[in-house]
Amino acid sequence: FPSHERSKAINGDVLTFLKEWFDNNSQISLRTSGTTGKPKSMMVEKRYMIQSALMTGEFFNLQKGDAALLCLSPEFIAGKMMVVRAIVLGLDLITIPLETALHPAQGRNISFAAMVPLQVAQLMKTNLQGMQRIDTLIIGGSAISTTLENALQTVDTRCWHTYAMTETVSHVAIRSINGPNRSDWFTPMQGVSVSLNHRGCLRIDAPIVAAMPVETNDLTIISDGKFRILGRIDDMVIVTGK
């Protein structure tokens with residue numbers, strides 16, 4: 001699709017979501033990613049999405065008026081949460097396509113963005129100058145290759161790998177990819193605790209964003225409250241981790 005057509009599609013998806021968000025229902029329908037089992041539709045309390053947005057805003061010190069870039073489809077939870085963060089935190093949400101938003105001629109810095117690894121790898125290859133205009137970038141949705149992680153050591157953008165799933169409406173743990181606090185271990189967000197179930201898989205207790213503890217299929221090791229993902233017990237594609 002040409003850029004202007006994709007821009008219209010993105011804005012259309014945003015408008016559809018906003019109608020759902022501002023209706024009289026306290027819940028919203030989401031489709032799970034498969035972290036905890038087969039993908040399915042589920043209803044989530046909007047208040048949990050608000051709490052998640054506040055948690056993210058506090059962790060990254062996002063301020064009203066900061067520019068946030070939407071480059072994930074609002075059809076899915078990651079894109080929806082970027083819209084919710086903009087609403088809750090008062091961010092200036094930029095919805096034009098990635099190559100347009102980060103075109104050298106645009107000249108605007110982006111305070112916060114979320115992408116999947118494939119988008120980041122493409123950006124590093126085709127528009128390193130644009131990449132450098134993003135202050136904070138969270139990366140999720142799948143594992144990050146060693147090649148990409150090594151490449152990210154060369155940029156000023158603060159990059160973070162997120163552990164997230166639909167059941168917790170957004171990330172519940174995070175690790176620094178580059179900079180002085182770089183780590184291979186995920187640190188749970190404030191108010192989130194982790195443990196192992198009888199299968200050796202990650203169990204997440206995050207009452208601020210989920211009514212019940214979440215049992216995953218991710219084989220995990222835990223040390224001092226932090227964790228690393230070893231793989232999937234069901235041999236499915238790893239959702240996140242290294």
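The preceding data block contains the structure.
What comes next concerns the included structure. (Residues numbered from 1 in each chain as written. Predicted model: local features only at pLDDT ≥ 70, side-chain atom pairs only at ≥ 80, totals over all residues. Heavy atoms only, no water.)

1. Considering the pairing of strand 7 (residues 158-164)
Which entries qualify depends on this criterion: Three exposure classes are used, based on accessible area relative to the maximum for each residue type with a 1.4 Å probe and protein chains only: buried under 20%, partly exposed in between, and exposed over 50%. Secondary structure elements follow DSSP: runs of H or I no shorter than four residues count as helices, runs of E no shorter than two count as strands, and numbering proceeds from the N terminus. What makes two strands pair is DSSP finding at least two bridges between them. Note on handedness: a clockwise path from strand one over the helix to strand two, with the strands aimed away from the viewer, defines a right-handed crossover.
A large share of strand 7 lies buried, amounting to five of its seven residues. In terms of strand pairing, strand 6 (residues 134-139) meets strand 7 through four bridges, oriented parallel. Paired with Leu137 across the two strands is Cys159, which belongs to strand 7. With helix 7 (residues 146-151) bridging strand 6 and its parallel neighbour strand 7, the resulting β-α-β unit is right-handed. Where strand 7 and strand 8 (residues 171-176) come together, five bridges link them in antiparallel fashion. Bridge pairing in strand 8 links Thr162 to Ile174.

2. Concerning helix 3 (residues 77-89)
Selection criterion: A helix's residues, less one, multiplied by 1.5 Å, set its expected span.
If you check helix 3, its first and last C-alpha atoms are 17 Å apart, about what 13 residues at 1.5 Å a residue would give, namely 18 Å. Summarising burial for helix 3: ten of the 13 residues are buried, a large majority. When we look at burial in helix 3, the residues that qualify are Ile77, Gly79, Lys80, Met81, Met82, Val83, Val84, Arg85, Ala86 and Leu89. Phi turns positive, to about 75°, at Gly90, one or two residues after helix 3.

3. Overview of the packing of helix 2 (residues 46-59) against helix 3
The cut-off we apply is this: A fitted line through C-alpha atoms represents every axis, and for helices the fit uses only the stretch in contact; the resulting angles, taken between N-to-C directions, go from 0 to 180 degrees. For classification purposes, angles smaller than 35 degrees are called roughly parallel, those larger than 145 roughly antiparallel, those between 65 and 115 roughly perpendicular, and all remaining angles oblique. By definition in these notes, contact holds between two residues if any of their heavy atoms fall within 4.5 Å. Classification used: nonpolar for Ala, Val, Leu, Ile, Met, Phe, Trp, Tyr, Cys and Pro, charged for Asp, Glu, Lys and Arg, polar for all others including Gly.
Interaxial distance between helix 2 and helix 3 falls to 9 Å at its minimum, and their mutual angle equals 75°. Here helix 2 is positioned roughly perpendicular relative to helix 3, judged by the angle of their axes. Mapping the contact onto sequence places Met49, Ile50, Ser52, Ala53, Leu54, Thr56 and Gly57 in helix 2 and Ile77, Lys80, Met81, Val84, Arg85, Val88 and Leu89 in helix 3. Looking at the contact of helix 2 with helix 3, its residues break down into nine nonpolar, three polar and two charged.

4. Details of the sheet that holds strand 11 (residues 201-205)
As summarised here, the arrangement of the four strands in space is 10-11-12-13, forming an open sheet in which the pairing is antiparallel. Looking along the sheet, the strands with just one partner apiece sit at the ends: strand 10 (193-196) and strand 13 (226-232). Across the sheet, the mean angle from the axis of one strand to that of its neighbour is 55°, orientation sign disregarded. Two elements, strand 12 (residues 214-223) and strand 13, share six bridges in a ladder whose sense is antiparallel. For Leu219, the partnering residue across the bridge sits in strand 13 and is Gly231.

5. Here's the deal with the sheet that holds strand 4 (residues 92-94)
Spatial strand order, 4-3-5-6-7-8-9: seven strands in an open sheet with mixed pairing. Sheet topology places strand 4 and strand 9 (187-188) at the edges, where each strand pairs with a single neighbour. Running over the sheet, helix 3 touches strand 3 (67-69), strand 4, strand 5 (110-115), strand 6 and strand 8 and is turned about 155° from strand 5.

6. Examining the nonpolar core
Let me state the cut-off plainly: Only buried residues count toward a nonpolar core, which is a set of Ala, Val, Leu, Ile, Met, Phe, Trp, Tyr and Cys residues joined through side-chain atoms within 4.5 Å.
Counting residues in hydrophobic clusters, the biggest one holds 47 residues, and the most contacted among them are Met49, Tyr163, Ile204 and Phe227. For this core, the leading source of residues is helix 3, giving seven residues. For Ile204, the contacting residues outside a window of four places in its chain are Tyr163, Met165, Val172, Val192, Ser193, Val194, Pro213, Val214 and Thr216. Leu98, Leu123, Cys159 and Ile177 belong to the second-largest nonpolar core, a separate cluster that totals 23 residues.

7. Looking at the packing of aromatic side chains
What counts, and what does not: Ring geometry is summarised as follows: Phe, Tyr and Trp rings, the Trp one being its six-membered ring, pair when their centres sit within 6.5 Å, and such pairs are stacked at plane angles under 30 degrees, edge-to-face over 60 and tilted between the two.
Under the counting rule described, the total for this entry stands at eight aromatic pairs. Their ring planes at 80° and their centres at 5.4 Å tell us that Phe59 and Trp160 sit as a pair that is edge-to-face. Of the two residues, Phe59 is situated in helix 2 and Trp160 in strand 7; the sequence distance between them amounts to 101 residues. Of the residues examined, Trp160 reaches a relative accessible area of 13% and is grouped as buried. Look at Phe60 and Phe112: their rings are 5.5 Å apart centre to centre, the planes differ by 45°, and that puts the pair in the tilted class. Remark: Phe112 occurs in strand 5 and Phe60 occurs in the loop between helix 2 and strand 3; sequence separation between them is 52 residues.

8. Brief notes about the pattern of salt bridges
We apply this condition: Salt-bridge detection follows one rule: a side-chain nitrogen of Lys or Arg within 4 Å of a carboxyl oxygen of Asp or Glu.
Across all of its chains, the model carries five salt bridges by this definition. Close ionic contact of Arg203 with Glu215 constitutes a salt bridge, the shortest N to O distance being 3.1 Å. Taken as a pair, Arg203 in strand 11 and Glu215 in strand 12 lie far apart in primary sequence, twelve residues in all. By relative accessible area, which is 29% here, Arg203 ends up partly exposed. Owing to a relative accessible area of 37%, Glu215 belongs among the partly exposed residues under this scheme.

It is worth stressing that arrangement in space is one thing and function is another; only the former is reported here.
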